[in-house]
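What the coordinates show
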Amino acid sequence: MNRKMVFRTVGMIVLLEAALLLLPLVTSLIYGEAKSALAFLETIGIAVVFGGALCLFCKTEKTTIYAKEGFVVTALTWILLSLIGALPFVFSGDIPSYIDAVFETASGFSTTGATILDDPAVCSHGILFWRSFTHWLGGMGVLVLMVAILPAGNEGRPIHILRAEMPGPTMGKLVPKLKDTAKILYVLYLALTGIEVVFLLCGGMSLFEALTLSFGTAGTGGLALRADSIAFYSSYVQWTITVFMFLFGVNFNLYYLILIGKAKQIFKNEELWTYTGIVVAAALMIAVNVRDTFATFGEAIRAGFFQTVAFITTTGYSTAPFDSWPVFSKTILFTLMFIGGCAGSTGGGLKVARILLMFKTAKRDLTKMLHPRSVPVVRMDGRIVEEDTVRNLGSYLMIYFIFFLFFTFVLSFEKDFNLLENITAVSACLNNIGPGFGKVSSTCAGYSDVSKCFLSLAMLLGRLEIYPILFCFVPSTWSKK
């Protein structure tokens with residue numbers, strides 16, 4: 001373990017966070033919010049001093065990043081981003097409790113969307129901008145941004161960082177140079193976000209609202225500006241956000257195929273077809289089940305598609321009181337929490353690719369049992385899946401459910417919440433979706449500080465898919481060998 005290189009890299013990312021904090025600072029100045037502007041200035045100062053010290057005192061000639069360093073850099077970065085990013089909430093007084101502020105910031109960076117605020121509208125514009133901007137940064141990944149903007153000579157071997165930060169079973173290069181891959185991903189991400197902003201502006205939104213809601217949609221986060229989330233806005237806005245939530249839940253590699261003129265390959269992608277099929281089937285079943293709670297069937301269709309896409313992409317926005325829907329619809333939404341978006345998207349959850357691979361592996365094993373002499377293989381998109389990938393899937397699922405049970409057990413000490421509420425709270429945080437059912441359908445403010453700390457950890461574990469943070473607690477990870 002090259003510790004100096006690890007801490008120096010973390011220091012560089014803290015300095016990057018300081019630079020990014022300038023945007024909400026400018027927002028506060030535009031709206032004449034002196035208190036929040038000062039809060040951002042103070043946070044920038046702390047980040048510059050801390051990040052600068054790490055860069056200054058951890059100089060090293062060895063800059064190569066191996067798998068071990070990549071995992072540790074990623075874990076430490078996301079923890080520090082949340083701890084430092086929480087300071088403006090406290091300094092401005094909008095969220096006086098530091099634990100609550102860390103929860104809100106971890107929810108933002110991990111694109112979870114869980115909140116402790118009953119009414120976000122009480123916060124200043126600068127704070128709300130930062131709150132939503134953390135979604136956008138966390139969606140594609142701060143480390144991906146760093147790789148994209150750093151000089152080529154400082155790359156080392158950042159493939160291990162990107163693999164640790166990018167969601168999904170696998171992460172590969174779109175083009176030979178990894179730096180170019182990071183640039184392509186962010187250009188696509190920025191372009192889709194910009195297009196959504198334009199569509200929302202056409203729907204009569206202010207620029208501030210269009211930007212912040214687009215940040216939440218792009219990062220599939222879901223921290224809204226109002227207590228009723230998206231229900232306040234017109235049907236045009238709701239359909240627009242539905243479409244873009246769906247688009248951001250798609251593997252970004254497929255958008256690159258369109259750019260290079262290979263759009264036909266998209267239609268051969270099994271994960272995309274499965275993802276689309278689940279959305280359409282779930283939305284229609286929910287619409288039929290809840291049709292009596294709406295004035296027209298058209299409204300039920302809109303609500304069904306919105307909540308289906310919001311849950312499967314783990315965005316977490318809402319347009320209807322889904323917690324009061326029939327058990328059948330709530331069961332569908334609960335199932336979608338675990339499925340999640342596509343691999344290589346900004347969505348959370350287990351990912352459609354993993355679910356598809358699980359079924360294919362089960363089919364392979366059943367075939368082997370019925371025909372012992374056969375040699376069946378697992379295929380995805382016509383290509384044979386390596387046995388290591390199948391084995392890793394089983395390991396990941398086992399660790400995932402161990403953590404799921406652990407966090408559920410921790411929350412069991414809360415006297416004011418029942419088992420269903422605790423299970424959905426853990427599901428919402430570990431799968432980065434945000435809202436649960438019952439008392440946690442809108443806010444997690446009722447949990448104790450200890451539970452909020454564990455739920456914050458669950459959010460980061462879910463966003464980084466467990467391994468990076470888990471490895472930080474393994475003593476051998478820090479060995480110099």
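The present account deals with the structure reproduced in this document. Residue positions within a chain follow its written sequence, with the count starting from 1. Totals for whole chains, interfaces and linings use every residue, but because this is a predicted model, local features are given only for residues with pLDDT of at least 70 and side-chain atom pairs only at 80 or more, for both listing and counting. Computation of side-chain values: all heavy atoms of the structure, hydrogens and water removed.

Here is a general trend for soluble globular proteins: nonpolar side chains tend to be buried in one another's company. Grouped together as the largest cluster of nonpolar side chains are 146 residues, with contacts concentrated most on L137 and F252. Each helix is a run of DSSP H or I of at least 4 residues and each strand a run of E of at least 2, with the numbering of both proceeding from the N terminus. With ten residues, the top contributor of residues to this core is helix α18 (residues 387–411). In plain words, nonpolar cores are sets of buried Ala, Val, Leu, Ile, Met, Phe, Trp, Tyr and Cys residues tied together by side-chain atoms within 4.5 Å. Think of it in three bands: with a 1.4 Å probe and only protein chains considered, a residue is buried below 20% of the maximum accessible area for its type, exposed above 50%, and partly exposed in between.

Salt bridges are identified by distance alone: a Lys or Arg side-chain nitrogen within 4 Å of an Asp or Glu carboxyl oxygen. Within this structure, the stated rule accounts for ten salt bridges. Close ionic contact of E209 with R226 constitutes a salt bridge, the shortest N to O distance being 3.3 Å. Taken together, the residues E209 in helix α11 (residues 207–218) and R226 in the loop between α11 and α12 (235–248) connect sequence positions 17 residues apart. A residue is classified by how much of its surface remains accessible, and E209, at 16% relative accessible area, is buried. Across the pair E465 and K351 runs a salt bridge, and its minimum N-O distance is 3.1 Å. With E465 in the loop between α20 (449–463) and α21 (467–472) and K351 in the loop between α16 (327–339) and α17 (352–370), the pair connects residues that are 114 residues apart, well separated along the chain. Residue classification places E465 among the buried positions, given a relative accessible area of 7%. Owing to a relative accessible area of 1%, K351 belongs among the buried residues under this scheme.

A few words now on the side chain of S318. As for its position among the elements, S318 is in the loop between α15 (297–312) and α16. Given a relative accessible area of 15%, S318 falls into the buried group.

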